[in-house]
Amino acid sequence: MKRIILIIVVLVIVIIQFIPSGRPDNNPVPGKDLLEVVEAPDEITTLLKSACYDCHSQQVIYPWYSYVAPVSFLVSRDVRVGREHLDFGFWGDLSKRKQIKALDEISEAVEAGDMPMKIYPIMHPDAKLTDAQRQQIIDWCEISADELFE
Amino acid sequence: MKKLTLTIFSLLLIAGFLAISTGFKTKAIQNEVSPEGLLTIPDSVNTVLQNKCFDCHNSDSESMKAKMKLKLDKLPTLSKRKLVSKLDAIAESVEEKDMPPEKFLEKYPEHALTDAESKILIDWANGTADALMK
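Just so you know, these numbers come straight off a predicted model, no measurement behind them.

Colleague: How should the overall build of chain A be read in this particular structure?
Modeller: A tally of helices and strands in chain A yields seven helices and zero strands. If you list the helices and strands of chain A from N to C, you get α-α-α-α-α-α-α. If one aligns the C-alpha atoms of chain A with their principal axes, the spans along those axes are about 70 × 30 × 20 Å. For chain A, the proportion of its 150 residues judged to be buried stands at 27%. Intrachain contacts of chain A at a sequence separation of at least 6 include 82% that bridge at least 24 residues.

Okay, here's the thing in structure tokens:
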């Protein structure tokens, strides 16, 4: 009985590898990325890249396990949904008003602890933000949004 | 004579209750006066906000998420910039039909926005946000 279950589980895992995960490609456009458009201190650049860019950009780094189903389904969905909400890769295409809104929403999501998603730092320890790092991002968002608004 | 006073008093009391129960909520958003007069909410907009959005998006809401995203009664107290952000978000979420949430509408279909109501909200939010940006 145990063997049958094991065989079924292995079979299922093998079979789902053939289901395409629809992994979104990276299509960076030079000059459009947030960090090319907005000036950010190195610390902020590092924080954004390690805590946000793996879903909210066109520079997603896919780890090996993101090619293995069923994790691949989850990663693909997170990147797709993440980019839908906010894609730093096309920051330059946003109107000033949308950029201000995005900065305010980043600040809110980071402050509330909604972002990065709780599941993300498990495999990406650099994305586990300290309170000080959260504050750094919030402050930077505030300053950048104010600059845009003036 | 005493009876008359009593009747008038009771009538006033009933009228008071009625005014509170019907009028109090209607005025909740407009009550807070924006310090610099940044925000004007026309009655047509206020009616839609009040009937379709306010139940979740207010300071005392039971929905933490809704409250965190938008507290309509606090709109007039926001800074100019934050106001732009919130107005932009209102216009966008109505335009993309993210709001009211689909799941919520399954339970409370009467909260669905008609096309006319959506337009009222979108035009107001976009117009006010653009004016604030100038």
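That covers the picture; the talk isn't over yet.
Colleague: I'm lost on the overall build of chain B in this one. Help?
Modeller: When you go through chain B residue by residue, the secondary structure sums to seven helices and zero strands. Of the regular secondary structure in chain B, the N- to C-terminal order runs α-α-α-α-α-α-α. Per-residue burial for chain B yields a buried fraction of 24% across its 134 residues. The long-range fraction of contacts in chain B, counting pairs at least 24 apart against all pairs at least 6 apart in sequence, stands at 59%.

Colleague: Where do I start with the interface of chain B and chain A in this structure?
Modeller: Accessible area lost on assembly of the parts is the figure often given for the size of an interface. Each partner contributes residues to the interface: chain B has nine residues there, and chain A has 10 residues. Among the elements of the structure, α5 (80-95) and α7 (115-133) of chain B are those that each provide at least two residues to the side of chain B that touches chain A. Residue composition of the side of chain B that touches chain A, grouped by class: five nonpolar, one polar and three charged.

Colleague: Explanation requested: the environment of A:D126 in the structure shown.
Modeller: Residues and elements named next belong to chain A. By secondary structure assignment, the location of D126 is in the loop between α6 (120-123) and α7 (131-149). Given 11 C-beta atoms within 10 Å, D126 falls into the exposed group. Separated by 76 residues in sequence, D126 and S50 place their C-alpha atoms 6.1 Å apart.

Colleague: Help me out: how do you make sense of the packing of α5(B) against α7(B) in this one?
Modeller: Two measures define how a pair of helices packs: the angle their axes make with one another and the distance between the axes. All names here are of chain B. α7 packs onto α5 with a crossing angle of 150 degrees between their chain directions and a minimal axis gap of 8 Å. Between α5 and α7, the angle falls in the class roughly antiparallel. For the pair α5 and α7, the sense of crossing is left-handed. Along the contact surface, α5 presents K80, L83, V84, L87, D88, I90, A91, V94 and E95, while α7 presents S118, L121, I122, A125, N126, T128, A129, L132 and M133. Of the residues contributing to the contact of α5 with α7, the split by class is 12 nonpolar, three polar and three charged.

Colleague: How should unusual backbone geometry be read in this particular structure?
Modeller: Glycine aside, the phi torsion of most residues is negative, and most peptide linkages are trans. Between A:A69 and the following residue, A:P70, the backbone shows a cis peptide bond with an omega angle of 5 degrees. Looking at where A:P70 falls in the secondary structure, it is placed in the loop between α3 (42-51) and α4 (71-85). Residues B:M99 and B:P100 are joined by a peptide bond in cis, for which omega reads -15 degrees. Located in the positive-phi region is B:K97, a residue other than glycine, with phi close to 60 degrees. By the secondary structure assignment, B:K97 is in the loop between α5 and α6 (102-107).

Colleague: Explain the environment of A:V60 here, please?
Modeller: Residue and element names in this part refer to chain A. Locating V60 in the fold gives a position in the loop between α3 and α4. Taking the C-beta count within 10 Å as the criterion, V60 has 20 such neighbours and is therefore assigned buried. Residues V60 and E36 lie 24 residues apart in sequence; the distance between their C-alpha atoms is 16 Å.

Colleague: Sorry if this is basic, but what is going on with the packing of helix α3 (residues 43-53) of chain B against α7(B) here?
Modeller: Residue and element names in this part refer to chain B. Between α3 and α7, whose axes approach to 9 Å, the crossing angle comes to 115 degrees. Between α3 and α7, the angle is such that the two are roughly perpendicular. Along this stretch, α3 crosses α7, giving a crossing that reads as left-handed. On α7, the residues touching S44, V45, V48 and K52 of α3 are E117, I120, L121 and W124. Considering only residue class, the contact of α3 with α7 consists of five nonpolar, one polar and two charged.

Colleague: How should I be thinking about the environment of B:K103 in this particular structure?
Modeller: Structurally, B:K103 can be placed in helix α6. On a C-alpha basis, the gap between B:K103 and B:A66 in space is 14 Å, while along the polypeptide they are 37 residues apart.

Colleague: For this particular structure, what's the right way to read the confidence of the model for chain B?
Modeller: Low pLDDT marks stretches whose predicted atomic positions should not be read closely. Residues and elements named next belong to chain B. Predicted confidence across chain B gives a mean pLDDT of 84, with 73% of residues reaching 70 or more. Under a pLDDT of 50 for its full length, residues 22-27 has, in the predicted model, two contacts with residues more than four places off or in other chains. At the level of chain-chain contacts, confidence expressed as ipTM amounts to 0.84, with global pTM at 0.83.

How each quantity is defined
- Residues numbered from 1 in each chain as written.
- Chains lettered and ligands numbered in written order.
- Predicted model: local features only at pLDDT ≥ 70, side-chain atom pairs only at ≥ 80, totals over all residues.
- Helix = DSSP H or I, 4+ residues; strand = E, 2+ residues; numbered from the N terminus.
- Buried ≥ 20, exposed ≤ 12 C-beta atoms within 10 Å, placed from the backbone.
- Contact = placed C-beta atoms within 7 Å.
- Nonpolar A, V, L, I, M, F, W, Y, C, P; charged D, E, K, R; others polar.
- Axes fitted to C-alpha atoms, helices over the stretch in contact; angles between N-to-C directions.
- Parallel < 35°, antiparallel > 145°, perpendicular 65-115°, else oblique.
- Left-handed = near helix turned anticlockwise from the far one by under 90°.
- pLDDT = per-residue confidence, 0-100.

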